[in-house]
Amino acid sequence: AVVSTQSTGELYSDEIMRPRQLHLPPPRTHVNSIISKDKARLTLSDLPERLVYQSEGILKSMLAPPRIIPALLETGLIQSMGKIMKRLEQEEFSIVGLYLSRTDRLVVCVQAENAVYKLSQLVGPADLREAKMNHQFSLRASFASHASDFHAPLSYSASVEEVKEHFPRGLCCPNTLDLQAEGITHSHVDELCDGSLSRRLASKTCPLKPLLQTVCVVFPPDLLKPAKHTRLSPASQLLTLLQTCQFEVVNARLLTIPSNLFPKFRAIFKLRSEICQTFVGRPCLALALQRENAVSCFSQILQGTNANGKKLLSTYGHMILNTPNKNANFDQLKFFFDFLSVRCKDQIE
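As a starting point, this report considers the structure included with it.

Criteria and cut-off values
- Residues numbered from 1 in each chain as written.
- Predicted model: local features only at pLDDT ≥ 70, side-chain atom pairs only at ≥ 80, totals over all residues.
- Heavy atoms only, no water.
- Pairing = 2+ DSSP bridges.
- Helix = DSSP H or I, 4+ residues; strand = E, 2+ residues; numbered from the N terminus.
- Phe/Tyr/Trp six-rings, centres within 6.5 Å; stacked < 30°, edge-to-face > 60°.
- Buried < 20%, exposed > 50% of the residue type's maximum accessible area, 1.4 Å probe, protein only.
- Contact = heavy atoms within 4.5 Å.
- Polar contact = N/O pair within 3.5 Å; in protein donor to acceptor, adjacent residues only side chain to side chain.

Here the focus is the pairing of strand E8 (residues 94–100). Bridge count for E8 against strand E9 (residues 106–113) is six bridges, and the pairing is antiparallel. In the strand pairing of E9, Gly-97 is matched with Cys-109. A loop of five residues connects E8 with E9, the two strands running antiparallel in sequence, and Asp-104 in this loop sits at a positive phi of about 65 degrees.

This paragraph deals with the packing of aromatic side chains. Applying the stated criterion to the full structure yields ten aromatic pairs. Measuring from ring centre to ring centre gives 5.4 Å for Tyr-99 and Phe-167, while their planes differ by 85 degrees; the resulting arrangement is edge-to-face. With Tyr-99 in strand E8 and Phe-167 in the loop between helix H7 (156–166) and helix H8 (177–182), the pair connects residues that are 68 residues apart, well separated along the chain. Overall, the relative accessible area of 21% leaves Tyr-99 in the partly exposed class. By relative accessible area, Phe-167 is classed as buried at 10%. Aromatic pair Phe-265 and Phe-279: ring centres 5.0 Å apart, planes at 65 degrees, arrangement edge-to-face. In this pair, Phe-265 is assigned in helix H10 (residues 262–269) and Phe-279 in the loop between helix H11 (273–277) and strand E14 (284–292), connecting sequence segments 14 residues apart. Both residues of the pair, Phe-265 and Phe-279, count as buried.

Let us now look at the environment of Ala-141. Looking at where Ala-141 falls in the secondary structure, it is placed in helix H6 (residues 139–143). Assessed through its relative accessible area of 15%, Ala-141 is described here as buried. For the pair Ala-141 and Glu-130, spaced eleven residues apart in sequence, the C-alpha separation works out to 8.6 Å. For Ala-141, the contacting residues outside a window of four places in its chain are Ala-131, Lys-132, His-135 and Gln-136.

Attention now goes to the side chain of His-188. Secondary-structure assignment places His-188 in the loop between H8 and strand E11 (201–203). Assessed through its relative accessible area of 9%, His-188 is described here as buried. Among all residues touching His-188, those that are not within four sequence positions of it are Arg-169, Gly-170, Leu-171, Cys-172 and Thr-256.

We now examine the environment of Arg-199. Inspection of the secondary structure assignment puts Arg-199 in the loop between H8 and E11. With 150 residues separating them along the chain, Arg-199 and Glu-349 place their C-alpha atoms 5.9 Å apart. Discounting chain neighbours no more than four positions away, the residues touching Arg-199 are Leu-192, Asp-194, Lys-334, Phe-335, Phe-336, Phe-337, Asp-338, Ile-348 and Glu-349. A polar contact is formed between the side chain of Arg-199 and the backbone oxygen of Phe-337, at a distance of 2.9 Å.

Take it as geometry only, folks, not as evidence of what the structure does.
Here you go:
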């Protein structure tokens, strides 16, 4: 159903008759003309967001290009992080925000056309019995033991509010009309990296696992792009391999390193300048992983994987950033993270 305005002759959608509109942003466009008030000339940057955007007619909205919108996924199944990332990529979601909360929940922000509805379908129904019977390929059917293992907002407005709540500093993605209209910051440059390395790392004793170590691993921007002839990124495949090798994720962050911290970043990872340049203005994935001999025997552990894993490592292993040096590894952890999971032997203070 549509309604029309006599003044403009435009047709506008009747939201009551569009149940799927719940998952979509309202039709909107930039106000192209400059608005004057009290004979003062105002530019778009001078105006509040609610005045910068206006409803768009249904005919124009049908001719508009696809609108890439954000959606939020939260899960406590950290042990399946790599597989969950792969499932998101297979459904053509782009991951534009990711971190592990202090409550040990993985929070992921994704972008796609009609992302809110697509993500709710991928997560599946809250009734696990129904999910396993009628939605066998949903995340809940594949991984969950409880309905609360996954959470995804069911409406666009709720999704926007939760994205703002969990990512107040912004997302690692280019600007869009809807991000700007909703007041969500884009192209975020990280503010939590500690170039002074002033944080302190304390270790607890684990009599049952005396060889436990926490290693810092960084996947560069080039590992976050889909590989050739596949929707999957090398990063999601490598993380799945690491978790198969019993590495436990105790923190994770998708971030863009500030330019003023590149000298420190380059020094603690001992990078050549040309490699360092690939990080400029682009997000990377920083991981804190725990396992026995995780620092001293990182490469040797991975060499014990199967043929597919060895093929993956032969192609992309040289791009993974980490160090076997214990002190340098501590500096890398302190540079990227302000805390580690309560499951971790080491703690950052």
